[in-house]
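# An overview of the molecular structure
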Amino acid sequence: MLDRLCEGLLQTEGLDEGLQAEQTAVLESVEMFENRQYLSEVDEVRADETAEIMAEVFTPEVVAGWAELSLEQKTAKLNEYYVKAGENLGIQTKGVIVEPMYSQPGMISFGYNSGDGYIHLNEAVVQDPEMLGQVLDTATHEMRHQFQTEVVAEPERFGDLPSDVVAQWQYEFANYISPDYDYQGYYEQAIEQDARSFADEVLQSYMEK
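Treat the numbers as computed from the prediction; the structure is a model and nothing was measured.

### Brief notes about the overall build of the protein chain
A count of helices and strands for the protein chain gives 10 helices and three strands. Scanning the protein chain from its N terminus toward the C terminus, one meets helices and strands in the order α-α-α-α-α-β-β-β-α-α-α-α-α. Here the protein chain holds 209 residues, and 46% of them are scored as buried. Across the protein chain, the fraction of contacts at a sequence separation of at least 24, relative to all contacts at a separation of at least 6, is 65%. With an accessible surface of roughly 10,400 Å², the protein chain has 49% of that area assigned to carbon and sulfur atoms.

### Details of the sheet that holds strand 3 (residues 118–122)
Read across the open sheet, the three strands follow the order 1-3-2; overall the sheet is mixed. Strand pairing shows two members of the sheet lacking a second neighbour, strand 1 (95–99) and strand 2 (111–113), which therefore form its edges. Across the sheet, the axes of successive neighbouring strands diverge by a mean angle of 20°, strand direction being ignored. Where strand 2 lies against strand 3, three bridges are found, and the strand directions are antiparallel. Looking at strand 3, one finds that tyrosine 112 is bridged to histidine 120. Against the sheet, helix 5 (residues 71–89) touches strand 1 and strand 3, its axis set at about 145° to strand 1. With respect to the sheet, helix 7 (residues 132–153) is in contact with strand 2 and strand 3, its orientation differing from that of strand 2 by roughly 15°.

### What to know about helix 10 (residues 190–208)
Within an α-helix, residues lying three or four positions from one another point in the same direction, as the helix has 3.6 residues per turn. Taking 1.5 Å of rise per residue, 19 residues should cover 27 Å, and helix 10 covers 27 Å from first to last C-alpha, within 8% of that figure. Extensive coverage of helix 10 is indicated by the burial of 15 of its 19 residues.

### Regarding the nonpolar core
In this structure, Phe58, Leu78 and Tyr81 are the most contacted members of the largest nonpolar core, which totals 39 residues. For this core, the leading source of residues is helix 7, giving seven residues. In this structure phenylalanine 58 touches Val63, Trp66, Lys77, Leu78, Tyr81, Leu132, Leu136 and Tyr206, once residues within four positions along its chain are discounted.

### Details of helix 5
Here helix 5 is 19 residues long and its end C-alpha atoms lie 26 Å apart, about the 27 Å a rise of 1.5 Å per residue gives. All of the buried residues in helix 5 are Leu71, Lys74, Thr75, Leu78, Tyr81, Tyr82, Ala85, Gly86 and Leu89. Buried residues along helix 5 cover an arc of 130° about the axis, so they all sit on one side. Turned more than 90 degrees away from the buried face of helix 5 sit Glu72 and Glu87, all of them exposed. Looking at the buried side of helix 5, the elements it contacts are helix 3 (41–57), strand 1, strand 3, helix 6 (123–127), helix 7 and helix 10.

### Focus: the pattern of salt bridges
Any two side chains of opposite charge can pair, on the condition that their charged atoms come close. Under the criterion given, the structure shown has 10 salt bridges. Put simply, aspartate 43 and arginine 46 hold a salt bridge, and the shortest N to O gap is 3.1 Å. Taken together, the residues aspartate 43 and arginine 46, both in helix 3 and three residues apart, mark about one turn of the helix. By relative accessible area, which is 10% here, arginine 46 ends up buried. Between glutamate 80 and lysine 77 there is a salt bridge; the shortest N-O distance is 3.6 Å. Of the two residues, glutamate 80 and lysine 77 both sit in helix 5, three residues apart, roughly one turn of that helix. The exposure class assigned to glutamate 80 is partly exposed, which follows from its relative accessible area of 27%. Given the relative accessible area of 25%, lysine 77 is considered partly exposed. Through salt bridges with shared partners, a single ionic network connects Asp43, Arg46, Arg144, Asp160 and Asp194.

Conventions adopted
- Per chain, the residues get numbers from 1 upward, laid out in the order the sequence is written.
- Only residues with pLDDT of 70 or above have their local features reported here, since the model is predicted, and side-chain atom pairs are shown and tallied only from 80 upward, although totals for entire chains, interfaces and linings are computed over all residues.
- The side-chain figures draw on all heavy atoms in the structure; neither hydrogens nor water molecules are used.
- Strands here mean DSSP runs of E at least two residues long; helices mean DSSP runs of H or I at least four residues long; both are numbered from the N terminus.
- Burial status follows relative accessibility: with a 1.4 Å probe on protein chains alone, a residue under 20% of its type maximum counts as buried, one over 50% as exposed, and anything between as partly exposed.
- Contacts are assigned to residue pairs that have any heavy atoms within 4.5 Å of one another.
- Only the protein chains shown count as cover for residues, and all accessible areas are computed by the Shrake-Rupley method using a 1.4 Å probe.
- When DSSP finds two or more bridges between a pair of strands, those strands are recorded as paired.
- Throughout, an axis means a line fitted to C-alpha atoms (over the contacting stretch in the case of helices), and angles, computed between N-to-C directions, take values from 0 to 180 degrees.
- Take the number of residues in a helix, subtract one, and multiply by 1.5 Å to get its expected span.
- Here the nonpolar core consists of buried residues drawn from Ala, Val, Leu, Ile, Met, Phe, Trp, Tyr and Cys, with membership extended through side-chain atoms lying within 4.5 Å.
- As used here, the arc belongs to the directions running from the helix axis to the C-beta atoms.
- By definition here, a salt bridge exists when the distance from a side-chain nitrogen of Lys or Arg to a carboxyl oxygen of Asp or Glu is within 4 Å.

In structure tokens:
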């Protein structure tokens with residue numbers, strides 16, 4: 001199962017690389033996101049601590065037995081991770097909602113966050129034992145969106161983040177590009193780049209542990 005988890009993570013990274021395209025008229029802060037230079041020392045600690053919590057919840061035994069767990073048990077583990085990691089980040093963590101999700105033909109929705117303290121994950125993906133790597137990636141990605149939402153609402157609570165980064169996030173939340181209408185535009189948004197990069201940092205650190 002650990003091998004399959006690694007394979008799933010590598011496939012996700014390959015997808016990210018294949019979808020990257022040229023950007024025009026972008027701010028320097030967006031370029032920093034793409035190079036992962038946006039991470040302050042505090043933010044790097046956040047990623048490492050999140051990986052520690054993931055390792056505490058998703059032990060080798062849990063990973064090995066993931067296929068045998070019921071949907072309720074899987075949801076409970078994901079909820080435990082999200083609540084503990086989110087509380088450590090200092091954000092609202094009301095819980096994980098696992099539900100059926102439908103997308104346009106040829107696309108799949110792994111999950112989403114509305115900034116209300118909940119993260120939503122696709123039931124079909126959670127139930128697929130081959131997709132555990134993607135589930136952990138998505139849960140962390142959506143957790144980061146919750147973090148971004150709260151940074152925009154109360155930037156004084158997160159003083160390590162540069163003001164231009166906060167301003168870019170604020171602008172993009174107010175002018176969000178949906179993947180249903182412009183996938184490339186959606187993919188290139190700074191908030192999406194940041195969430196992908198943070199999840200990558202956490203998953204890589206988790207696998208090293």
